[in-house]
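So you can see what is in the structure, the chains are spelled out below.
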2 protein chains.
Amino acid sequence: MSRFWHPRVARLHPYVPGEQPKMERLVKLNTNENPYGPSPRVVAAIQAAAEAGMQLYPDPEAMALRTAIAEFYSDFGITPAQVFVGNGSDEVLAHAFHGLFRQDAPLLFPDISYSFYPVYCTLYEVPFETIPLDDAFAIRLADYEGDNGGIIFPNPNAPTGRALPLADIQGLLERNTDSVVVVDEAYVDFGADSAVALVNRFPNLLVTQTVSKSRSLAGLRLGLAMGHPDLIAGLVRIKDSFNSYPVDRLASAGGIAAFADRGHFERNRRTVMADRERLTAELAGLGFEVLPSAANFVFARHPRRAGADLARALRERAVIVRHFDRPRIADFLRITIGTPEQNRAFLSALEDALAQP
Amino acid sequence: MSRFWHPRVARLHPYVPGEQPKMERLVKLNTNENPYGPSPRVVAAIQAAAEAGMQLYPDPEAMALRTAIAEFYSDFGITPAQVFVGNGSDEVLAHAFHGLFRQDAPLLFPDISYSFYPVYCTLYEVPFETIPLDDAFAIRLADYEGDNGGIIFPNPNAPTGRALPLADIQGLLERNTDSVVVVDEAYVDFGADSAVALVNRFPNLLVTQTVSKSRSLAGLRLGLAMGHPDLIAGLVRIKDSFNSYPVDRLASAGGIAAFADRGHFERNRRTVMADRERLTAELAGLGFEVLPSAANFVFARHPRRAGADLARALRERAVIVRHFDRPRIADFLRITIGTPEQNRAFLSALEDALAQP
């Protein structure tokens, strides 16, 4: 606390990201990073961009990148005017909280969800109400139809990994027409249907995505949103009142290459999904309840061992997973899908931990 | 305007950055970019960083980068806890407006200054009052000693290029002890004395800088602030409630190399300063009044030709400079120092334009 802080600074409860340990040789399955590198075309594009022009500002409108993203989604009829880009999807979400959610009714989001949402609410003074997941830890969109100043949920949800059918999202949008609905698709490419398919039908739908997960570029910081041009224009007004050039030349070049290389993207996500199914079966074999996942992680609990204890026992064995010390989910572990070697190391450490009383 | 915007979105007057023209072969002297590329060590560091680890998040604390910056300023006793980094100095400034300026008294800044300041004030609802430059277009800090919720000014100022003596800044800090004073040093390396020298004496001083100008990295988006650890902690709380990882792996690697290569930095800035003195003399020879500049641009007006007309005539001759259609400065042109070839092309186009009635 400092007398030079605005009172709002003291009121904040900042988000705590998963640990980025300095230790080498850890099996790191705690922040849902992709275990494989990005497309070689991405690396080449970044290296070429570094060679020339770094003394010049990027295009403040990032038009080449927005065009590449629109082309990736051309089956859904997406145009560059329907695409917004930012310095990671967290920045894109922040602008949406600041500019698109109303303050005269509560924002609705799941009680168990991305823990950054309430942080944004405090930062921008957005009132909110959390809606409980059902007993199977699924989002029930019928519960989101009350008076609200906006709705946001991840699909698939994190940290549960559970996906919603697109028909449910469409039903919500048909009934909720007076506030903005944000579908946060950070993990969508690992097995859920994208709501980008609905962007041209619902002017109040904003879909956010990231290159951090399915395009193996958490280190690049690039996020995006797709929606009606008026929603995008609102985000642009916030962005242009905050930072004219949030996407640097290297992120732009890398992002364009990432959306262009469909082959690498498809192979990568299919590998992760196949390994997820194997890991799910093996965890079930060890007695775990594993929620059905459409993400690059699984959320699992053991009927007889506390989550905190297992997380600690794994850490002692040089494996880190994410544990949330929160109601309803304190006995779960969130385990990122790693390489086959990492997954084996995790399972072996886990078997060892379970064998200890 | 959209019914899905928060009312604050409609109220914004977003910042308009200098044009980034798509045309080739323009002599582009409008956005104060460095005419030379960054250190080759920066390019090599970025290219190496792109090769491995891009699928992993950056260090959310950017400790290696903050350490490199603290080392650069070790003569002033700066430690990493006194350094904040962000996605360009515009983002760093935005967080300062959001978290460090009070709302119970007006923020003070010069009437002619960086035109992003009033934009941030609207975004974060910070009341402000502008203080006129004196008749020589200099900041007079004695005018900033009234009741205020904060003070911000660039040193050297933009778009005038005029620098303040460090003793004047010290005097202000000795008398203004109850609100935060931000010295925005985007251009400081081209001839002004840095207030980083005062950071260890005044707990309410924040100094912001960028790698965009003197380190030739406008395309990288990396800005920084130095101040008391409590001020830095306040900025970190805002940042961690907005975006955990604003500085990507490539910007971190490039930034570390940029602060390490003192030789390139010194040669670059001395070249630009020498070319500025030549250009100033040549403009004076053409009858221009040129304000004394400590930046990588000059601000100049002709006694008999309107600024808007000259800017237009230059553009017709494929040279772009920045013109602000605003009171007091409408007859000035802001001309970025280019390469000797660019400066000659500018002067030649200017002579041609002046020869036309």
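Residues numbered from 1 in each chain as written. Chains lettered and ligands numbered in written order. Predicted model: local features only at pLDDT ≥ 70, side-chain atom pairs only at ≥ 80, totals over all residues. Heavy atoms only, no water.

(A) Spatial organisation of the packing of helix α9 (residues 262-285) of chain A against helix α11 (residues 340-355) of chain A. Residues and elements named next belong to chain A. It is the contact of α9 with α11, at a shortest axis distance of 11 Å, that shows an interaxial angle of 10°. Classified by the interaxial angle, the pair formed by α9 and α11 is roughly parallel. Judged by residue contacts, Asp275, Leu279, Glu282 and Leu283 of α9 engage Pro340, Asn343, Phe346, Leu347 and Leu350 from α11. A breakdown of the residues in the contact of α9 with α11 according to their chemical character gives 6 nonpolar, 1 polar and 2 charged. (Axes fitted to C-alpha atoms, helices over the stretch in contact; angles between N-to-C directions. Helix = DSSP H or I, 4+ residues; strand = E, 2+ residues; numbered from the N terminus. Parallel < 35°, antiparallel > 145°, perpendicular 65-115°, else oblique. Contact = heavy atoms within 4.5 Å. Nonpolar A, V, L, I, M, F, W, Y, C, P; charged D, E, K, R; others polar.)

(B) Layout of the domain arrangement of chain A. Residues and elements named next belong to chain A. For chain A, the assigned domains read domain 1 (18-37 + 263-355) and domain 2 (40-260). Inter-centroid distance (C-alpha atoms) of domain 1 to domain 2 is 26 Å. Listed as interface residues are 29 residues of domain 1 and, on the opposing side, 30 residues of domain 2. Summed over both sides, the interface between domain 1 and domain 2 buries roughly 2,200 Å², with carbon and sulfur atoms accounting for 60% of that surface. At the surface where domain 1 touches domain 2, the tally comes to 1 salt bridge. Its salt-bridge partner being Arg328, residue Asp111 comes within 3.0 Å of it at the nearest N-O pair. Here domain 1 is connected to domain 2 by 15 residue pairs in polar contact (both at pLDDT 80 or more). Contributions of two or more residues to the side of domain 1 that touches domain 2 are made by α9, β10 (297-301) and β12 (332-336). With 7 residues, the top contributor of residues to the side of domain 1 that touches domain 2 is α9. In the side of domain 1 that touches domain 2, the residues fall into 14 nonpolar, 8 polar and 7 charged. (Domains from an automatic or database assignment. Buried area = accessible area lost by both parts, 1.4 Å probe. Salt bridge = Lys/Arg side-chain N within 4 Å of Asp/Glu carboxyl O. Polar contact = N/O pair within 3.5 Å; in protein donor to acceptor, adjacent residues only side chain to side chain.)

(C) Summary view of the packing of aromatic side chains. Counted under the stated rule, the structure contains 37 aromatic pairs over all chains. Between Phe242 of chain A and Phe242 of chain B, the ring centres sit 5.0 Å apart and the planes meet at 45°, which makes this aromatic pair tilted. Of the two residues, Phe242 of chain A sits in the loop between α7 (229-240) and α8 (249-260) while Phe242 of chain B sits in the loop between α7 (229-240) and α8 (249-260), which places them in two different chains. Using a relative accessible area of 2% as the deciding quantity, one classes Phe242 of chain A as buried. Directly above the aromatic system of Phe297 of chain B lies the positively charged group of Arg334 of chain B, at a separation of 5.7 Å from the ring centroid. (Phe/Tyr/Trp six-rings, centres within 6.5 Å; stacked < 30°, edge-to-face > 60°. Buried < 20%, exposed > 50% of the residue type's maximum accessible area, 1.4 Å probe, protein only. Lys NZ or Arg CZ within 6 Å of the ring centre and 35° of its normal.)

(D) Structural detail: the pattern of salt bridges. All chains considered together, the criterion is met by 38 salt bridges over all chains. Overlapping salt bridges bring together Glu266, Arg269 and Arg270 of chain A as one network.

(E) Broad picture of the nonpolar core. Core analysis: the largest hydrophobic core is formed by 116 residues, its most contacted members being Phe153 and Ile169 of chain A together with Phe153 of chain B. Other than its neighbours up to four places away in sequence, Phe153 of chain A contacts Pro110, Tyr117, Ile139, Leu141, Leu164, Ile169, Leu172, Val181, Val182, Val183 and Asp184 of chain A. Counting residues in each nonpolar core, the second largest holds 67 residues, with Ala94, Leu231 and Leu235 of chain A together with Leu107 of chain B among its members. (Core = buried A, V, L, I, M, F, W, Y, C linked by side-chain atoms within 4.5 Å.)

(F) Structural context of the interface of chain B and chain A. Counting from both sides, the interface comprises 81 residues of chain B and, opposite them, 80 residues of chain A. In total, chain B and chain A occlude about 6,900 Å² of area from one another, counting both sides; carbon and sulfur atoms represent 56% of this. The largest per-residue losses of area from chain B upon contact with chain A belong to Phe4, Tyr57 and Phe242 of chain B, which jointly make up 12% of the total buried on that side. Linking chain B with chain A are 2 salt bridges, by the criterion used here. For Arg3 of chain B, the salt bridge identified is with Asp178 of chain A, shortest N-O distance 3.2 Å. Here chain B is connected to chain A by 43 residue pairs in polar contact (both at pLDDT 80 or more). Of all elements in the fold, only α1 (7-11), α2 (40-51), α4 (89-99), α5 (117-124), α7 and α8 of chain B reach the threshold of two or more residues within the side of chain B that touches chain A.

(G) A look at α7 of chain B. Given a rise of 1.5 Å per residue, 12 residues ought to cover 16 Å, and the 16 Å separating the end C-alpha atoms of α7 of chain B matches this to within 8%. Residues of α7 of chain B that are buried include every one of Leu231, Ile232, Gly234, Leu235, Ile238, Lys239 and Asp240 of chain B, and no others. Along its buried surface, α7 of chain B packs onto α1 (7-11) and α5 (117-124) of chain A together with β2 (83-86), α4, β7 (205-210) and β8 (223-227) of chain B. (Expected span 1.5 Å × (residues − 1).)

(H) A look at the relation of the copies chain B and chain A. Rotating chain B by 180° and translating it 0.0 Å along the rotation axis places it on chain A, where the RMSD comes to 0.0 Å. In the structure described here, the two chain copies are related by an operation that fits a two-fold rotation axis. Using C-alpha coordinates, one finds that chain B approaches the rotation axis most closely at Gln47 of chain B, a distance of 2.5 Å. Interface overlap between copies is the fraction of interface residues in one copy that are interface residues in the other; for chain B against chain A it reaches 99%, indicating a shared surface. (Least-squares fit on C-alpha atoms with pLDDT ≥ 70 in both.)

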